[in-house]
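One-letter residues, chain by chain:
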There are 2 protein chains.
Amino acid sequence: MSLTNASPSEAAKSAKEASHILATLSESARNDALTAIHSSLIAAKNDILAANARDLEAARLAAEHGQLSQSLVSRLDLGKKGKWEDMLKGILDVRGLDDPVGKITLRTKLDDGLELTRVTCPIGVLLIIFEARPEVIANIASLAVKSGNAAILKGGKESTESFIAISKAISAALDKTEVPNGAIQLVTTRDVIPQLLDLDQYIDLVIPRGSNELVRYIKSSTKIPVLGHADGLCSIFLEHSADPRMAADVIVDSKTSYPAACNSLETLLVQESALDTLLPTVAEALIAKGVVLHCDTKTKTALSAKLPSDISTKIEDAQSADYDTEFLSLTLAVKAVADIHEAIAHINAHGSKHTDAILTSSSDLAEQFMSSVDAAGVYWNASTRFADGMRYGFGTEVGISTNKIHSRGPVGLEGLMIYKYKIRGQGHVTAAYGEGEGKKSYKHERLPL
Amino acid sequence: MSLTNASPSEAAKSAKEASHILATLSESARNDALTAIHSSLIAAKNDILAANARDLEAARLAAEHGQLSQSLVSRLDLGKKGKWEDMLKGILDVRGLDDPVGKITLRTKLDDGLELTRVTCPIGVLLIIFEARPEVIANIASLAVKSGNAAILKGGKESTESFIAISKAISAALDKTEVPNGAIQLVTTRDVIPQLLDLDQYIDLVIPRGSNELVRYIKSSTKIPVLGHADGLCSIFLEHSADPRMAADVIVDSKTSYPAACNSLETLLVQESALDTLLPTVAEALIAKGVVLHCDTKTKTALSAKLPSDISTKIEDAQSADYDTEFLSLTLAVKAVADIHEAIAHINAHGSKHTDAILTSSSDLAEQFMSSVDAAGVYWNASTRFADGMRYGFGTEVGISTNKIHSRGPVGLEGLMIYKYKIRGQGHVTAAYGEGEGKKSYKHERLPL
């Protein structure tokens, strides 16, 4: 890892060059580098925690002066129970994943002695822009090395001391391995994000990890493809045949198990015929967990009639903007819809293509919902909070993408790969094929992988 | 198909809405629509050819006044031998391809009664911007319907009459099918490309089909992902162990079988140790086909010594810009390199990531070249002109992509797909899983597809 005060463009150029070597390394060479990083971080623990303590001290001071939020200060702390161990374990977990490089996904015999294969390969150079949490740097470096991608890392300034200490350890480790040192670049100079976002000749993919504002800013400021999501506006459609207890459980989990997460529920659509039967049970369960409901007229009327008046203080009138709002808190927008068609149309118009669910006893309606809703995740009778790389069994997660191309939903190592077509011939020329006398035909025989 | 004089944003909005229906149609419904389009075009043949004749007449007039090139006029002509039949056959060919929608590519049992599947689905709304050739509209409409994507088509103004006639026939056909009419929108109003490129809330992918200038302009003018290639700067590295006859055949095919194609050879890199042995044979064969060589000092010196002086007029001094030039004509840049490392470095620095080849007898060097060169196609002892969807056996081709994400190389129907994750549960909630007493663990059992 290079800890660079070089210009962004020099850092990116050197990452590009390193990426061409990294792409050719064997699985064992890449895994050895992860082992070396792991050992090197263990050896440097004291230095890293001391650096982190300096970051933390500065952040606490800034927080006292109101320049930084307490939650950000808390996310900085590498000394927090389990955090250091989790960071180290994460490196070995990534090392243990299936090698994503060099997988053959298509093999076709074009003609005798002429074979086409499609082989997975790294994308090239990733630019990863992230905010405070210092442990992310080790996680990202591991993912990059495992997937054969070079990476340029730009972290939040609050963690600078921690980043520098960690990157020194990673750099020392890489020096003993086949992974070129330039493959992982930490950029610590300030205010360089606009310059980095301009380097589309070197950088192939930008992955922002941080607040909606960060992601939105990046998406609007670069021609380089961006993998990620700005919004997570997840919806559930409560259909009238759903089991009431199940519905309450799933909706409570979706809304309250981690309200600040992008896969949390923000809008509940209730079928009109379920307003008196299902909604009261669900609303009571939500209110018991501290959720404030922003209801349209129909759902509010139904609830006012059914619920004891002392809890109706938790019910407020919805504004139309509520149905386009990612609350990230214990607030939920609630709306009545006539049927599944209206629910689907609402979600396709107001959702963020992240994760949406239907609760119903009808498998026909469930399948209709899942094929009609345009989102990375479409669920039947399950919490939206399952949208997560670890829960999906991917072993690791780069982030969750709401993009419509390349990778969608929780993105694991596979999402950091592209492919190339290889042809192995024996001097074959295209002019030999075609219609007419003496011309050959392609065989196009699918071969086993 | 809607033939719209609506605003670009109304057209795009209506395509988006139609895309949500199109995405849910069965394979047979989509195939039936292709059958209907095919019949409708046959029935409207006279009208369409009459409209095309009017376009042609106007274009000939413009060409006489020097406002249009003769080659463009020729590409307009639907009456040219075989063109109409090819257009019709293309629709049935696309209909006959494997259904790309709804393929299950991952199935995982997360827990008892909780299953995750990854299913291919259409991307959504494609914006396809193309130049003169009027038959492209039928081809694109077929690809869109087959892949379940809505499409907005913006053609060159020279073909307007033909487009309108074809789109009327397609529109009449779709009216009798389940494919919503708004799924295919032809925009004929002028000067709307900048407005269309701005509609990232409706349009998911832009596919330009036309000149380098068109593609480059589009890539630099939109935040919507663009699938395609601006340049096709293909290189061959001639290694000293290559068979001379084979090398000459492959290089001649790569350069001369269709010099204006994007997969044609533009730069020949010759190993220094092969300057006296292989290069003269290759150069003679190229010059016999009318190729002009732009040589660096080393290759020129070697050729001057070996070749008869009367053909040395075909050898010119290379300028450094030649190694970054897509000639698209019978001109070839030639350069000596010390070894495979220099060849790889040259290609990774100057190439366009389209298709590059090595000619060698060494399988070790071939594998090294193919893993080190960062391009969509990397070939060993085969012509670069094999880079083509039909030749690869894809049945059809949307274009060739030099992108680093999503789709690379010749793009068939598969490149127009993305996927969604479906979870089918029985009321499962995430809070039930984790560490600690009473908590469950994920099973993450890979299931057969």
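Per chain, the residues get numbers from 1 upward, laid out in the order the sequence is written. Chain labels run from A onward and ligand labels from 1 onward, assigned in the order the entries are written. Local features in this predicted model are restricted to residues whose pLDDT is 70 or higher, and side-chain atom pairs enter the listing and the counts only when it is 80 or higher, whereas totals over whole chains, interfaces and linings include all residues. Calculated side-chain values reflect all of the structure's heavy atoms, with hydrogen atoms and water omitted.

An unreviewed UniProt entry lists chain A under the name glutamate-5-semialdehyde dehydrogenase, with Daldinia eschscholtzii given as the organism. In the Sequence similarities (unreviewed entry) part of its UniProt record, chain A is described as follows: "Belongs to the gamma-glutamyl phosphate reductase family." UniProt positions are given in the numbering used here, feature names are shortened, and annotations may be inferred rather than shown by experiment.

A. Structural context of the overall build of chain A. For helices the rule is a DSSP run of H or I covering at least 4 residues; for strands it is a run of E covering at least 2, with both sets numbered from the N terminus onward. Within chain A one finds 14 helices and 18 strands. Along the first, second and third principal axes, the C-alpha atoms of chain A reach 80 × 75 × 35 Å. Scored against the burial criterion, the 449 residues of chain A give a buried share of 60%. By the convention used here, residues are in contact when the closest approach between their heavy atoms is within 4.5 Å. For chain A, the share of sequence-separated contacts (at least 6 apart) that also reach a separation of at least 24 residues comes to 73%. Where accessible areas are quoted, they stem from the Shrake-Rupley method and a 1.4 Å probe; at the residue level, only the protein chains shown are allowed to cover. Entry remark: accessible area of chain A is about 17,200 Å², with carbon and sulfur atoms responsible for 50%. Charge counting follows a simple rule: Lys and Arg are positive, Asp and Glu are negative, and His as well as the terminal groups are ignored. Note that the charge is assigned to NZ on lysines, CZ on arginines, CG on aspartates and CD on glutamates. Separation of charge centres in chain A, based on 47 positive and 56 negative side chains, amounts to 5 Å. Accessibility here uses a 1.4 Å probe with only protein chains present; expressed as a share of the type maximum, an area under 20% marks a residue as buried, one over 50% as exposed, and anything in between as partly exposed.

B. Layout of the domain arrangement of chain A. When cut into domains, chain A gives domain 1 (2–219) and domain 2 (234–386). Either an automatic procedure or a domain database provided the assignment from which the domain bounds are taken. For domain 1 of chain A versus domain 2 of chain A, the separation of C-alpha centres amounts to 38 Å.

C. The arrangement of the packing of helix 3 (residues 45–64) of chain B against helix 7 (residues 160–174) of chain B in detail. Residues and elements named next belong to chain B. Packing of helix 3 against helix 7 leaves a shortest axis separation of 7 Å and a crossing angle of 165 degrees. As far as their axial angle goes, helix 7 and helix 3 are roughly antiparallel. Between helix 3 and helix 7 the crossing geometry is right-handed. Here helix 3 contributes Asp47, Ile48, Ala51, Asn52, Arg54 and Asp55 to the contact with helix 7, which in turn contributes Thr160, Glu161, Ser162, Ala165, Ile166 and Ala169. Axes here mean lines fitted to C-alpha atoms, for a helix over just the part in contact, with angles spanning 0 to 180 degrees between N-to-C directions. Small angles under 35 degrees read as roughly parallel and large ones over 145 as roughly antiparallel, with 65 to 115 read as roughly perpendicular and the rest as oblique. Should the near helix be turned anticlockwise from the far one by less than a right angle, the crossing is left-handed, and should it be turned clockwise, the crossing is right-handed.

D. Local environment of the confidence of the model for chain A. The predictor's confidence in any single residue is recorded as pLDDT, a number from 0 to 100. With 99% of its residues at a pLDDT of at least 70, chain A reaches an overall mean of 94. The ipTM, which scores confidence in the relative placement of chains, is 0.94 for this predicted complex, and the corresponding pTM is 0.93.

E. Region of the structure containing the packing of helix 6 (residues 136–147) of chain B against helix 7 of chain B. Residue and element names in this part refer to chain B. Where helix 6 meets helix 7, the axes come as close as 10 Å, and the angle between the chain directions of the two elements is 35 degrees. For the pair helix 6 and helix 7, the crossing hand works out as right-handed. In contact with Ile137, Ala138 and Ala141 of helix 6, helix 7 contributes Phe163, Ile166, Ser167 and Ile170. In this classification, Asp, Glu, Lys and Arg are treated as charged, Ala, Val, Leu, Ile, Met, Phe, Trp, Tyr, Cys and Pro as nonpolar, and every other residue, Gly included, as polar. Tallied by class, the residues present in the contact of helix 6 with helix 7 amount to six nonpolar, one polar and no charged.

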